[in-house]
Amino acid sequence: MPATADEWLAARGAELDRRLKGFARRLRRGELEGVELRDGRLHVSPVKAATPPEADALADRIDAMLPRTRITEVMHEVSRATGFAAAFTNLRTGERCDNENALLATILADASNLGLTRMAAASQGVTRDQLIWTADAYIRPETYKAALARIINAHHALPIAAIWGDGSTSSSDGQFFRSAKRGDAAGEINARYGHDPGLSFYTHLSDQHGPYHIKVMSATSHEAPYVLDGLVHHGTQLNIGTHYTDTGGASDHVFILCPMLGFRYCPRLRDLPDRKLACIEPASNYKDLQPLLGQRVKADVVREHWDEAIRLFASLKAGTVAPSTMLKKLAAYRRQNQLDVALQELGRIERTLFMLDWLESPELRRRCHAGLNKSEQRHFLAQVICTFKQGRIADRGMEAQQFRASGLNLVIAAIVYWNSTYIADAVAHLRATGEVVPAALLAHTTPLSWEHIGLSGDFLWDRAAATAASRRPLNLGHAKAAA
């Protein structure tokens, strides 16, 4: 970071001036694909799906080849392969849990929303007392985080994961879950989701489909403050450089905080044509863009509060405070806080540069759309797993709700890892038989499928543990039928 605001404003101002003039020139000549100015308003054509039909056919064939299994077997096999169970240590002694069946059943009870009592009743090999003891001694936010990191790191190291991405981009999105009945303190009503109270699980997902962070948030809260929490504090080996969100995760504050902390922020803005571009130079310098320009950046406010902004960036980078906590604190002041205003002005500059990137690059629009589609696929799997009590999160305490979210995210990560290893087996089998399987088509497959996994019924933990050491044969009979 430069020592003074003038240095930063001079460099950024020159870049912004160059980009605005170049954009105006290209817009006037009609050189922007899918973008035009009509009646003083931008019109941006939606991006088209880029999945070829042969990619869908290949994905269906590979899905049909995956072995039929049960979630208990998936959990045991992934535990043996990644060692994530060792991350759950005893609160008092620091030792790992010696009852793997009870530990995995406790995690699944959180993920499925079944609860410990009903999980014990539906399980063979564990008792209710064992589950209660395991939950009290081993289940904590830090153990869930450490276990998830082990799965994500192990998945990142798989050669097949590179087919979907290199772990340098990710996306995040919130998913609504209904909570306790109206009048209870477990949730709030957001008219967007109907008349039932609820809460949201805000999840970060890598380009390799690994869900590397999750946070419980109020259904009425803005998603933007939580975007940076996952990027800064995920604790995995992923080296995230670019992050995608939808409109709900966007704010001018996030636009400036992301680049200051080393991330490129690329939201898909639903209302992009209605957002005004910012400029540091006088608006009269950009006559062709007059309908698109908003207020000039308040450079004097930026200069006055530059040192405070630098201290804030340093505190966030060092982990002194969570980004969501700081952003909510700034927004909670009764009168508008001047540091908050300075951050907003800085963010307007970064948002304008991003909007110019977005309007000038159809490829960026396609990449962002593809990244957010992966989050939607993850939401579908979450809905399938968290089905008990009709998917209603009845816990009233934030810690218990976070346990539900963390268990759900860990089980999804385990499924992603398990599916990925068998997708690799399926690809190896196809290539061994002489079939050409292009990597470009494999990129459209996903390890978030679940039709071959039994997620409910009786949970036979002893039997699952006994078979966890061996690889399962591919389901070649179904693959031939699909072909």
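Computed from a predicted structure; not experimentally measured.

Colleague: Could you give an account of the layout of surface pockets, naming the residues involved and the relevant values?
Modeller: One number sums up the size of the largest pocket: a volume of about 980 Å³. What lines the largest pocket is a set of 38 residues, among which Thr51, Ala370, Lys374, Ala443 and His444 lie closest to the centre. A per-element tally of the lining of the largest pocket places helix α14 (residues 362–385) first, with 10 residues. Class assignment for the residues of the lining of the largest pocket results in 14 nonpolar, 14 polar and 10 charged. For the second largest pocket, the lining is made up of 19 residues, of which Pro141, Lys145, His213, Ile214 and Gln402 are closest to its centre. Among the secondary structure elements, those contributing two or more residues to the lining of the second largest pocket are α7 (141–157), β8 (211–218), α12 (323–331) and α15 (398–432). No other element matches the five residues that α7 contributes to the lining of the second largest pocket. Across the lining of the second largest pocket, the residue classes tally to seven nonpolar, eight polar and four charged.

Colleague: Could you give an account of the side chain of asparagine 90, with specific residues and numbers?
Modeller: Tracing the sequence through the fold places asparagine 90 in the loop between α3 (71–82) and α4 (100–112). You can call asparagine 90 buried: its relative accessible area is 9%. Discounting chain neighbours no more than four positions away, the residues touching asparagine 90 are Glu95, Trp133, Ala137, Tyr138 and Arg140.

Colleague: Tell me what's going on with the nonpolar core, and back it up with residues and numbers.
Modeller: Within the largest apolar cluster, 143 residues are counted, with the highest numbers of intra-cluster contacts made by Ile71, Met75, Phe84, Phe88 and Ile107. Among the elements that take part in this core, α15 stands out by supplying 17 residues, more than any other. In this view, isoleucine 107 contacts Met75, Phe84, Phe88, Ile139, Tyr144, Gly407, Leu410 and Val411; residues no more than four positions away in its chain are not counted.

Colleague: Now, about the packing of helix α8 (residues 224–232) against α12: what can you tell me, with residues and values included?
Modeller: At a minimum axis separation of 7 Å, α8 and α12 run at an interaxial angle of 155°. The orientation of α8 relative to α12 falls into the category roughly antiparallel. Judged by the twist between their axes, the crossing of α8 over α12 is right-handed. For the pair formed by α8 and α12, the contact residues are Pro225, Tyr226, Leu228 and Asp229 on the first element and Pro323, Ser324, Leu327 and Lys328 on the second. A breakdown of the residues in the contact of α8 with α12 according to their chemical character gives five nonpolar, one polar and two charged.

Basis of the calculations
Residues numbered from 1 in each chain as written. Predicted model: local features only at pLDDT ≥ 70, side-chain atom pairs only at ≥ 80, totals over all residues. Heavy atoms only, no water. 1 Å grid on protein atoms, 1.4 Å probe; cavity = no way out; pocket = protein on both sides within 12 Å on 5 of 7 lines; lining within 4 Å. Points joined across faces, edges and corners; volume = space filled by probe spheres on them. Helix = DSSP H or I, 4+ residues; strand = E, 2+ residues; numbered from the N terminus. Nonpolar A, V, L, I, M, F, W, Y, C, P; charged D, E, K, R; others polar. Buried < 20%, exposed > 50% of the residue type's maximum accessible area, 1.4 Å probe, protein only. Contact = heavy atoms within 4.5 Å. Core = buried A, V, L, I, M, F, W, Y, C linked by side-chain atoms within 4.5 Å. Axes fitted to C-alpha atoms, helices over the stretch in contact; angles between N-to-C directions. Parallel < 35°, antiparallel > 145°, perpendicular 65-115°, else oblique. Left-handed = near helix turned anticlockwise from the far one by under 90°.

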